[in-house]
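Below, each chain spelled out in residue letters.
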Amino acid sequence: MAVYRACEIPEDLYYDVDRDVWVRPESDGTVTLGMTDPAQAQCGKVVNITFKPPGKALRRGQSAAIIESAKWVGPFPTPVTGVVVAVNEEFRKDILLANRDPYGRGWLVRLRPTAWETERGLLLDGPAAVKAYRRKIDERGVHCIRCVE
Amino acid sequence: MQPVRVVDLGEVSAVRSQAVYHAVAYAFTEDSPDTILLVSSYEPYVSIGFHQEAEREVDLEYCRAHGIPVVRREVGGGAVYLDRNQVFCQWIFGRPRVPANLEERFRWYCRPLVETYRALGVEAYHRPVNDIQVAGRKIGGTGAASIGAAEVTVGSLMFDFDHDLMARVLRVPSEKMRDKVFQSIREYVTTLHRELGHVPDREEVKALYLDRCAQVLGRPLEKGFLTDREEEVAAELERRFSSEEWLHQKGGLRESHAVKIHADVLVTEVTHKTPGGLVRLVARLREGRIDDLSISGDFTLLPAWAVGALEQALRGLPVEEDALVQRVRDVYRALSVQAPGLAPEDLTQALLLLGGVR
């Protein structure tokens, strides 16, 4: 796990650095998506989320959820084309999940990808992802903090 | 440095005053100019936050009966009553030219507003994250959204504000809560009218504001108009924002149980079942402490005036178990309170519900 300015960037995930989204391929062929640590730190405490419903087909770049944080509303764009198979209902009980554990319990949606073989090549992983994130974190002056309470 | 386009739309319909900045954002491309829109609604209306459930938050029957439109925006926050006494200042900028950090972004956006108020003799300041205040009172809120390829930051110049109607249009669980919301708005919200004793000339204030915008942005401003494409998108959005489907869109995962008056102040009502009966608390919380409290319910508590003493004694306390239970016990002991089924611990459990409110 790489850590830069307190931001964690696990090297075993794929990233769309521009969209600030991580992607984890699962053994059943689906992919799990979530906000990165720098994304949750920049957006601040989440206060609400609306998910696109399971069954919905999304093109790469379309919004899989709308997130509201401290006075900001914005899309959570998917870097992967596919059909929503699950959304993280645990946010109902704890809306701060992504602020506490962005790569674990704070995942947002799971998709069945329809163009994974091509789109995987557009994502970064391992040292390339870490390098890109270091640059982005510097450019934006991000310093990550997590919610713990 | 590219100039910033300024479009002063004057007074327009309620739905257009919301649709237009969304339209500029949705139509935004790399070639679009960063834009400041100035606009007011000639008719009173209620604007609700993106994730709010209209039926839960707004008294839709009252609004319908009084011809007050209710319009959902794609920006967060709560329901607010608006009329021609606010001039909305809507910034639609390309992403690279907006501070990435949210707090910095609000500081950047609020500066011209704060400086305009100051130039008018009102000692306004930015209260992070996104309030502008005068001596602890809010003078207009702000909000932000990422829409299409643009970053949208919105707020207003607060000439005047109708406290009565703001408290009236909200759906609240009881009239007691409505009273508390009304009092709290009076106490914690201010306007140019209230600060100056008169409403200053709109055109002069707008000119002052644009002058401060140019200074803060370090860029020239250029008066302009909406493009045909932007007008087209605006017309489309006006239709969508006026539809029942958009208004009644389901809310997000979470519901709010409080009316937020400003960054540090919220009003809420909670109920709790105790062995002695139902306890209903209407409270105003300020920075996590009980600022004002009404206790009612179908329990028996003697002497009857001890309820008032409890309300008084709990003010100023943080919503923390140890402090609350201690204070309630003290009052019970000092006044020899008799309350079958409502022990100090039971009342404390009700009070602790206030801590979970957001």
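What you see is a predicted model; the values in this text were computed from it and never measured. (Residues numbered from 1 in each chain as written. Chains lettered and ligands numbered in written order. Predicted model: local features only at pLDDT ≥ 70, side-chain atom pairs only at ≥ 80, totals over all residues.)

## A word on the overall build of chain A
Part 1 of the argument: The secondary structure content of chain A amounts to four helices and 12 strands.
Part 2 of the argument: Based on the C-alpha atoms only, the size of chain A along its principal axes is roughly 35 × 35 × 25 Å.
Part 3 of the argument: Taking the intrachain contacts of chain A between residues at least 6 apart in sequence as the baseline, contacts between residues at least 24 apart amount to 67%. (Helix = DSSP H or I, 4+ residues; strand = E, 2+ residues; numbered from the N terminus. Contact = placed C-beta atoms within 7 Å.)

## Quick notes on the overall build of chain B
Part 1 of the argument: Helix and strand counts for chain B come out as 13 helices and 16 strands.
Part 2 of the argument: Against the compact-globule benchmark of 21 Å for 358 residues, chain B has a radius of gyration of 23 Å, which places it among compact chains.
Part 3 of the argument: If you line up chain B on its principal axes, its C-alpha atoms span 75 × 45 × 35 Å.
Part 4 of the argument: When the 358 residues of chain B are sorted by exposure, 46% land in the buried category. (Rg over C-alpha atoms; globule rule 2.2 N^0.38 Å. Buried ≥ 20, exposed ≤ 12 C-beta atoms within 10 Å, placed from the backbone.)

## Digging into the sheet that holds strand 16 (residues 289–297) of chain B
Residues and elements named next belong to chain B.
Part 1 of the argument: Sheet architecture is open: four strands sit in the order 13-14-15-16, paired in antiparallel fashion. Strand pairing shows two members of the sheet lacking a second neighbour, strand 13 (258–262) and strand 16, which therefore form its edges. Averaged over all pairs of adjacent strands, the angle between their axes in this sheet comes to 20 degrees, without regard to strand direction.
Part 2 of the argument: Relative to strand 16, strand 15 (residues 277–286) runs antiparallel, the two sharing eight bridges. Within strand 16, the position partnered with Leu281 by the bridge is Ile295.
Part 3 of the argument: Sitting on the sheet, helix 6 (residues 175–188) is in contact with strand 13, strand 14 (265–274), strand 15 and strand 16, with an inclination near 155 degrees to strand 14. (Pairing = 2+ DSSP bridges. Axes fitted to C-alpha atoms, helices over the stretch in contact; angles between N-to-C directions.)

## Focus: the nonpolar core
Part 1 of the argument: Counting 148 residues, the largest nonpolar core has Leu33 of chain A together with Val152 of chain B as its most contacted members.
Part 2 of the argument: Considering every element that reaches this core, the biggest residue donor is helix 1 (residues 14–26) of chain B, with nine residues.
Part 3 of the argument: When residues of this core are sorted by domain, at least three fall in each of domain 1 (4–247) and domain 2 (264–356) of chain B.
Part 4 of the argument: Setting aside anything within four residues of it in sequence, one finds Val152 of chain B in contact with Tyr21, Ala25, Val75, Gln90, Ile92, Ala144, Ala145 and Ile147 of chain B. (Core = buried A, V, L, I, M, F, W, Y, C linked by C-beta atoms within 7 Å. Domains from an automatic or database assignment.)

## Considerations on the environment of Pro99 of chain B
All names here are of chain B.
Part 1 of the argument: Note on placement: Pro99 falls in the loop between strand 6 (86–94) and helix 4 (102–119).
Part 2 of the argument: C-alpha separation for the pair Pro99 and Glu151, spaced 52 residues apart in sequence, amounts to 9.9 Å.
Part 3 of the argument: Ignoring sequence-local partners within four residues, the contact set of Pro99 consists of Glu104, Arg105 and Trp108.

## A few points about the pairing of strand 10 (residues 143–147) of chain B
Residues and elements named next belong to chain B.
Part 1 of the argument: Buried residues dominate strand 10, accounting for five of its five residues.
Part 2 of the argument: Every second residue of strand 10 is oriented toward a common face, with Gly143, Ala145 and Ile147 on one face and Ala144 and Ser146 on the other, all of them buried.
Part 3 of the argument: Inspection of the sheet shows strand 10 paired to strand 11 (residues 150–158) by five bridges, in the antiparallel sense. Its bridge partner lying in strand 11, Ala145 is registered against Val152.
Part 4 of the argument: Hairpin connection between strand 10 and strand 11: a loop of two residues separates the two successive antiparallel strands, and Gly148 in this loop has a positive phi of roughly 55 degrees.

## Things to note about the domain arrangement of chain B
Residue and element names in this part refer to chain B.
Part 1 of the argument: On domain assignment, one finds that chain B holds domain 1 (4–247) and domain 2 (264–356).
Part 2 of the argument: When each unit is reduced to the centre of its C-alpha atoms, the spacing between domain 1 and domain 2 is 37 Å.
Part 3 of the argument: With eight residues of domain 1 at the contact, the number on the domain 2 side is seven residues.
Part 4 of the argument: Considered class by class, the residues forming the side of domain 1 that touches domain 2 number four nonpolar, two polar and two charged. (Nonpolar A, V, L, I, M, F, W, Y, C, P; charged D, E, K, R; others polar.)

## Some details on helix 8 (residues 202–217) of chain B
All names here are of chain B.
Part 1 of the argument: For helix 8, spanning 16 residues, the distance from its first C-alpha to its last is 22 Å, which sits close to the expected 22 Å at 1.5 Å a residue.
Part 2 of the argument: Taken together, the buried positions of helix 8 are occupied by Tyr209, Leu210, Cys213 and Leu217. All buried residues of helix 8 lie within an arc of 100 degrees about the axis, which places them on one face of the element. In this structure, helix 8 carries Glu204, Ala207 and Gln215 as exposed residues pointing more than 90 degrees from its buried face. (Expected span 1.5 Å × (residues − 1). Arc of directions from axis to C-beta.)

## Remarks on the interface of chain A and chain B
Part 1 of the argument: Residue-level contacts link 18 residues of chain A with 19 residues of chain B.
Part 2 of the argument: Elements that contribute at least two residues to the side of chain A that touches chain B include exactly strand 6 (46–51), strand 8 (63–69) and strand 9 (72–77) of chain A.
Part 3 of the argument: Top element by residues in the side of chain A that touches chain B is strand 9 of chain A. It accounts for four residues.
Part 4 of the argument: The residue inventory of the side of chain A that touches chain B, partitioned by class, reads eight nonpolar, six polar and four charged.
Part 5 of the argument: As defined by bridge partners, strand 9 of chain A adjoins strand 10 of chain B across two bridges and the pair is classed as parallel. Bridge pairing in strand 10 of chain B links Val73 of chain A to Ala145 of chain B.

## Let's talk about the environment of Asp138 of chain A
Part 1 of the argument: The residue Asp138 of chain A is located in helix 4 (residues 126–140) in this model.
Part 2 of the argument: The spatial distance from the C-alpha of Asp138 of chain A to the C-alpha of Arg5 of chain A is 8.8 Å, given a sequence separation of 133 residues.

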